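Tertiary structure, described
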Number of protein chains: 2
Amino acid sequence: MTSGPGTGADPADQRRQVEHEPDIEASAIAAVARTRAQGMHFYGQILGITPRPPDGGPAGPQLVPDPAIVPGAVPPVAVAAVADLAMGSAVRAVVGAGRRLGTVTMALHHLAPVVAAPVVPAARVVWIDEERRHALARVDCTDASGVVVAAGQGWFMALPVPESVQLRLLPWEHHDLPPVRPVAAGALEPHEQAAVRATVRAAERARARGTSVGEELTALTWEDGAPAGTARGSLRIGPELTNRVGHVQGGALYGIGLAAAARAVGSTGSDDDSPLVPADGSWQFLTPGDGDVLVAEATVRRAGRRAAFASVTLTVDGREVGIGQFAFRPDTAG
Amino acid sequence: MTSGPGTGADPADQRRQVEHEPDIEASAIAAVARTRAQGMHFYGQILGITPRPPDGGPAGPQLVPDPAIVPGAVPPVAVAAVADLAMGSAVRAVVGAGRRLGTVTMALHHLAPVVAAPVVPAARVVWIDEERRHALARVDCTDASGVVVAAGQGWFMALPVPESVQLRLLPWEHHDLPPVRPVAAGALEPHEQAAVRATVRAAERARARGTSVGEELTALTWEDGAPAGTARGSLRIGPELTNRVGHVQGGALYGIGLAAAARAVGSTGSDDDSPLVPADGSWQFLTPGDGDVLVAEATVRRAGRRAAFASVTLTVDGREVGIGQFAFRPDTAG
């Protein structure tokens, strides 16, 4: 649905979108304009990841979502995205902004069932090897209530930059943030148009399901008939999800895994139990998430009264790209 | 081999042990004496987990191994044990020493391929819920070289204390550490005798394999003929490995998982690659590790030049008690 170059816009389709979701399309085009001017990637820009205001602290990202995209509570996938970017940026501040980093593993604890925007991560490098190829970073994310709502750690590795790719600075790595020039709807490149249309479709799903665009961008289409304690879903990868080198963003992969784990755990629950909320997850980024169709499979490993556990495998076009473990706890704050 | 009550000592067997490993038996009996006087458990005492000297910091454990048990580099399983205990103790300092805590998940990064004793963890509580039932803690472990060699985070949960179990304070929770009274070899309780004999047998394996008693206490017996990229091993659970409520200590479970993962990864390597060392692991403690026979099964998920990944399942008597993910990296410091 969001394949790249060559996807021509169908004028009738565009008109329908404009009638139903004019502000979503404008938000998506504004994200395209920010991506063009300031870098990062559409996914980060549409989620509302922006440079932290200069306040004496180190430069880095924060999550200030467009209310059209995330009108209420910030979903875990967006927290994971900004946490991953913040840790990676802390490492890049040490190894040099020109280096390409891969997140190898990430563990993230979700400390509040409801997260209110904005989300401000504070990340730091705990360790880096002598050759500056491997680093461990930690992050604490504070939300609007002023408390830490997520805390994580991740292992990052310096990677070669693929040929033909010119790595651009991240928005908070500019000394002076380039101005954003408006982009006309008719002036979108094919991959930009695909990202905008995917966002508009995500908004349609969000309205139908009572969720947010931010969640629906990474929403899986679930297979019916999965046995209790399992979940299986798929997602077509489009330019709305990929990073600067064409791979699905790491926080998005983590969030997709968490969603699959939550669905598997939810399929085992009885109605009289208190609802479970994500407690933590750990993810191994086995290989880049690039390709056409992503499939997530989750299996409950234990569903107890005090905690539930699920493991997840993500494949892209049949190739295993990531595995994760997620834990859930009763919503004691609820 | 280390079953508890009713295991009578065979005098001939004892004589053989004394002839070959007099100091190991003495070290093990000294660990029994410390366990009786100061609490914790034989496993922690034999590894050399002791109270940190009072220096103004919060009370907690450190790892100062008996050279008879860990003569050289400190194995990851011992680092995991003291890291787990340090984080749990930091939480107990907040929720009260009388509470029983379970480690629910633990993620640990191994930052140095060689760790020199002593290992001093610094742990702190990052978050605790209002009902004081769930907590997140972090730990940094510094070794003799003065650098952080392991860094982790863990989710801990307050648990009910099983009936008939009287929870004792941990050694560093005493205001005044009780004096250790010598224990005569002939005065051991059956479970203590079993722990001592298991330690002596571990020493025999350590000498034969060039490893340490600290590693051999949790060493698996590997099944032959496992396909490349997999490993399967088993271990009979004895009182040398169990904590105050009769479950295998959490750090030991993590370390057993790591050993299985390392064996699976090692089975895929070619000789001209630089050796891989543990980079990190994350573990889900699904349910207590109590029972007779523990089986670990590890599968490589990806073996690349820059990193290798394996997942592990631990069962006890056929029941899944834990799952983990481990990552390995080239030994760039080597």
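Rules used in this analysis
Residues numbered from 1 in each chain as written. Chains lettered and ligands numbered in written order. Predicted model: local features only at pLDDT ≥ 70, side-chain atom pairs only at ≥ 80, totals over all residues. Heavy atoms only, no water. Helix = DSSP H or I, 4+ residues; strand = E, 2+ residues; numbered from the N terminus. Rg over C-alpha atoms; globule rule 2.2 N^0.38 Å. Buried < 20%, exposed > 50% of the residue type's maximum accessible area, 1.4 Å probe, protein only. Contact = heavy atoms within 4.5 Å. Areas by Shrake-Rupley, 256 points an atom, 1.4 Å probe, with all protein chains shown as cover. Lys, Arg positive; Asp, Glu negative; His and termini not counted. Charge placed at Lys NZ, Arg CZ, Asp CG, Glu CD. Buried area = accessible area lost by both parts, 1.4 Å probe. Salt bridge = Lys/Arg side-chain N within 4 Å of Asp/Glu carboxyl O. Polar contact = N/O pair within 3.5 Å; in protein donor to acceptor, adjacent residues only side chain to side chain. Axes fitted to C-alpha atoms, helices over the stretch in contact; angles between N-to-C directions. Parallel < 35°, antiparallel > 145°, perpendicular 65-115°, else oblique. Left-handed = near helix turned anticlockwise from the far one by under 90°. Pairing = 2+ DSSP bridges. Phe/Tyr/Trp six-rings, centres within 6.5 Å; stacked < 30°, edge-to-face > 60°. Least-squares fit on C-alpha atoms with pLDDT ≥ 70 in both. Patch = residues over 30% accessible without salt bridge, like charges linked within 9 Å, V, L, I, M, F, W, Y side chains within 5 Å. pLDDT = per-residue confidence, 0-100. Core = buried A, V, L, I, M, F, W, Y, C linked by side-chain atoms within 4.5 Å.

We now examine the overall build of chain A. Across its full length, chain A carries seven helices and twelve strands. Here the C-alpha atoms of chain A give a radius of gyration of 19 Å, agreeing with the 20 Å that 2.2 N^0.38 yields for 334 residues. Judged by the C-alpha coordinates and their principal axes, chain A covers about 55 × 55 × 40 Å. Looking at chain A as a whole, 54% of its 334 residues qualify as buried. Partitioning the intrachain contacts of chain A with sequence separation of at least 6 by distance along the chain shows that 69% fall at a separation of at least 24. Put simply, chain A shows about 13,400 Å² of open surface, and 52% of that area lies on carbon and sulfur atoms. Taken as two groups, the 29 positive and 35 negative side-chain charges of chain A have centres that lie 3 Å from each other.

All names here are of chain B. Residue position: serine 234 is located in strand β8 (residues 230-236). Under the relative-accessibility criterion, serine 234 is labelled partly exposed at 26%. Sequence spacing of serine 234 and leucine 294 is 60 residues, and the spatial spacing of their C-alpha atoms is 5.5 Å. Apart from residues lying up to four places away in sequence, serine 234 is in contact with Leu220, Thr221, Val293, Leu294 and Val295.

The next point concerns the interface of chain A and chain B. Counting residues at the interface gives 50 residues for chain A and 50 residues for chain B. Together, the buried faces of chain A and chain B total about 3,900 Å²; carbon and sulfur atoms form 56% of this surface. Residues aspartate 140 of chain B and arginine 138 of chain A are paired through a salt bridge, measuring 2.9 Å at the closest nitrogen-oxygen approach. For the pair chain A and chain B, the interface holds 25 residue pairs in polar contact (both at pLDDT 80 or more). Elements that contribute at least two residues to the side of chain A that touches chain B include exactly β3 (100-110), β4 (120-128), β5 (134-142), β6 (148-159), β9 (276-285), β10 (293-303), β11 (308-316) and β12 (319-330) of chain A. The element contributing the most residues to the side of chain A that touches chain B is β12 of chain A, with eight residues.

Time to look at the packing of helix α4 (residues 76-95) of chain A against helix α7 (residues 250-266) of chain A. Residues and elements named next belong to chain A. Contact pair α4 / α7: the axes reach a minimum separation of 7 Å and the direction vectors enclose 150 degrees. Taken together, the axis directions place α4 and α7 in an arrangement best described as roughly antiparallel. The hand of the α4/α7 crossing is right-handed. Within the contact between the two elements, α4 uses Pro76, Val77, Ala80, Ala81 and Asp84 and α7 uses Gly250, Gly251, Ala252, Tyr254, Gly255 and Leu258.

Glancing now at the sheet that holds β3 of chain A. Residue and element names in this part refer to chain A. With antiparallel pairing, the ten strands of this open sheet are ordered in space as β4-β5-β6-β3-β9-β12-β11-β10-β8-β7. Each end of this open sheet is capped by a strand with a single partner; those strands are β4 and β7 (221-222). In terms of strand pairing, β7 meets strand β8 (residues 230-236) through two bridges, oriented antiparallel. Across the sheet, the residue bridging to tryptophan 222 is glycine 233, located in β8.

The next subject is the packing of aromatic side chains. Residues and elements named next belong to chain A. The full count for this structure, using the stated rule, is six aromatic pairs over all chains. The interplanar angle of 40 degrees and the centroid separation of 6.0 Å between the aromatic rings of tryptophan 283 and phenylalanine 326 together place this pair among those described as tilted. Of this pair, tryptophan 283 sits in strand β9 while phenylalanine 326 sits in strand β12, placing them 43 residues apart in sequence. With respect to class, tryptophan 283 is no different from phenylalanine 326; both count as buried.

For the rest of this paragraph, the subject is the relation of the copies chain A and chain B. Note that the two copies of the chain are related through a rotation about an axis and a translation along the same axis. In screw terms, the move from chain A to chain B is a rotation of 180 degrees and a rise of 0.0 Å along the axis, fitting with an RMSD of 0.0 Å. What we have between these two chains is a two-fold relation.

Quick look at a positive patch on the surface now. Judged by side-chain charge, Arg302, Arg305 and Arg306 of chain A together with Arg99, Arg132 and Arg133 of chain B come together as a positively charged surface patch. Note on placement: arginine 133 of chain B falls in the loop between β4 (120-128) and β5 (134-142). Taking the relative accessible area as the measure of exposure, arginine 133 of chain B reaches 33% and is therefore partly exposed.

With that settled, consider the confidence of the model for chain A. Counting all residues, the mean pLDDT for chain A is 90, and 91% of those residues have values of 70 or more. Predicted confidence for residues 1-21 of chain A stays below pLDDT 50, and this span has 35 contacts to residues more than four positions away or in other chains.

This part takes up the nonpolar core. All names here are of chain B. Core analysis: the largest hydrophobic core is formed by 83 residues, its most contacted members being Ile49 and Leu294. Top element by residues in this core is helix α4 (residues 76-95). It accounts for twelve residues. Beyond its immediate chain neighbours, meaning those up to four positions away, leucine 294 contacts Leu220, Gly233, Ser234, Leu235, Ile237, Leu253, Ile256, Leu314, Thr315 and Val316.

Before going further, it helps to examine the pairing of strand β12 (residues 319-330) of chain B. All names here are of chain B. Of all twelve residues that make up β12, ten are buried, and the element is covered over most of its length. Relative to β12, strand β9 (residues 276-285) runs antiparallel, the two being bridged by nine bridges. Following the sheet pairing, leucine 276 is matched in β12 by proline 330. Looking at chain direction, strand β11 (residues 308-316) and β12 are connected through nine bridges and run antiparallel. Each residue of the ladder has a partner; that of valine 312, found in β12, is glycine 324. Turn length for the β11-β12 hairpin, with the two strands adjacent in sequence and antiparallel, is two residues, and the turn residue aspartate 317 shows positive phi of about 50 degrees.

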